[in-house]
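Results of the structural survey
Next come the chains, spelled out residue by residue.
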Amino acid sequence: MALIVQKYGGTSVGSPERIAAVAERVIRWRKKGNDVIVVVSAMSGETNKLVALINAVNPQGSEREKDAILSTGEQVTIGLLAMALEKQGQPARSYTGAQVRILTDEAHTKARIRDIDAEPIRKDLAAGKVVVVAGFQGVTADGSITTLGRGGSDTTGVALAVALKADECQIYTDVDGVYTTDPRIEPKARHIPRLTLEEMLEMASQGSKVLQIRSVEFAYKYDMPIRVLSSFDEFDQGNSTLVTREEDVMEEVSVRGIAFNRDEAQLTVTGVPDRPGVAYQILGPISDANIEVDMIVQNTGSDGTTDFTFTVHKNDYAKARGILCKTGEALGAKQCNGDESIAKVAIVGAGMRSHAGVASKMFKTLADEGINIRMISTSEIKVAVVVDEKYLELAVRVLHDAFGLAQATI
């Protein structure tokens, strides 16, 4: 008997009919002899409605109270799915994040999981029940409700799979796996049957929306296989993507996919003193505000000053710019400015370790199309660049062609 954790996103549970279909699928997995834990998101559109209510009442309200409101969407879904399972003869029990005791830190709206009390779930599974858990949420040590950020249900699913030593974590979405890039941008994008967790981690960090990055971090750290499937493939007969620790990468394949992100903004402070500790003085206040920084470039001039540029999520842009300009003024900076009209494009592939010239090929391909590169970031298996947002789709398409990703060798 295997233990399977299944996560269903908002589209998958977007109506009573779809919830009934999820219940049917879960029961089929039970009849195969598996124990099943189901993690669900709020029904599609519900979280946006809750955000609209918050903004109508007090958009500057405390993040603690925002979490108390935002967590209610999943609470509706778990109750409905448990009832749908019971209607079809399958005993079930629902749990909120607090009831499972998904213990998190106190970073409201962006909380991180510290521990999970798996014992109540084990007892329900032993009694033949399907356990239905609210994704996206947890609780602090003092009992305050927290949320894990957008897409946090993926993290809940993987974290539960790790805590209960599941055999596999299945992520059901509205797509049938991972593709070489977004098919809406490049119609020639191909389905990828298998990826390494390392490759998926890079793709998620560079903007791929299939899996939330923190869920992949969990899976990578604890070696938890993730399978991405479509909830609209009624009998799981179609494509899926298995993401695991190890994967035999074909020698001739250097790049496996192209990820991109429209949700970044660029901030620059110029003419600050070039001295030890200045990077910390600039980024320390940003970090203290719980704002994540992505790409960083520092340029030192001949006049003893330095220019410092970095990117943040667009949602944090206004807050980060206010902090940066205040810090820059204290440091005697010449100028503080920003730009929200940027995008990030990245090529990813474990095979890049053994292939020379991948980065130069990327740069030449973009140059041939007149696309200027504003920032560059690299790792062993990734090259990411920042470009003007208006060139994003062109950049994705030409890079997809340049690295032969429409071919069947991936």
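Residues numbered from 1 in each chain as written. Predicted model: local features only at pLDDT ≥ 70, side-chain atom pairs only at ≥ 80, totals over all residues. Heavy atoms only, no water.

In the annotation of an unreviewed UniProt entry, the entry for the protein chain reads Aspartokinase, and the organism field reads Thiothrix lacustris. Here is the UniProt Catalytic activity (unreviewed entry) comment for the protein chain, exactly as written: "L-aspartate + ATP = 4-phospho-L-aspartate + ADP". Annotation of the protein chain in UniProt includes, under Sequence similarities (unreviewed entry), the sentence "Belongs to the aspartokinase family." (UniProt positions renumbered as here; feature names shortened; annotations may be inferred.)

1. A short note on the layout of surface pockets
Reported here for the second largest pocket is a volume of approximately 220 Å³. Elements that contribute at least two residues to the lining of the second largest pocket include exactly β5 (113–116), α7 (152–163) and α9 (213–222). Grouping the constituent residues of the lining of the second largest pocket by class yields seven nonpolar, no polar and four charged. (1 Å grid on protein atoms, 1.4 Å probe; cavity = no way out; pocket = protein on both sides within 12 Å on 5 of 7 lines; lining within 4 Å. Points joined across faces, edges and corners; volume = space filled by probe spheres on them. Helix = DSSP H or I, 4+ residues; strand = E, 2+ residues; numbered from the N terminus. Nonpolar A, V, L, I, M, F, W, Y, C, P; charged D, E, K, R; others polar.)

2. Some details on the state of the cysteines
As enumerated under the stated definition, the model contains one disulfide in all. Each sulfur in the disulfide pair Cys325 and Cys336 lies 2.1 Å from the other. Here the S-S torsion is close to -80°, and the disulfide linking Cys325 with Cys336 is therefore left-handed. Taken together, the positions of Cys325 in helix α11 (residues 317–331) and Cys336 in strand β19 (residues 335–339) put the pair eleven residues apart, joining distant regions of the chain. (Disulfide = S-S within 2.5 Å.)

3. Topic: the packing of aromatic side chains
Summed over all chains, the structure comprises three aromatic pairs. Pairing Tyr8 with Tyr172 gives two aromatic rings, centres 4.7 Å apart and planes at 10°, and the pair type is stacked. Of this pair, Tyr8 sits in strand β1 (residues 3–8) while Tyr172 sits in strand β9 (residues 168–173), placing them 164 residues apart in sequence. With relative accessibility at 0%, the residue Tyr172 sits in the buried group. Note that Lys32 overlies the ring of Trp29, its terminal NZ or CZ placed 4.3 Å from the centroid. In this structure, Arg245 is placed above the aromatic ring of Tyr220, and the distance from its NZ or CZ to the ring centre is 4.3 Å. (Phe/Tyr/Trp six-rings, centres within 6.5 Å; stacked < 30°, edge-to-face > 60°. Buried < 20%, exposed > 50% of the residue type's maximum accessible area, 1.4 Å probe, protein only. Lys NZ or Arg CZ within 6 Å of the ring centre and 35° of its normal.)

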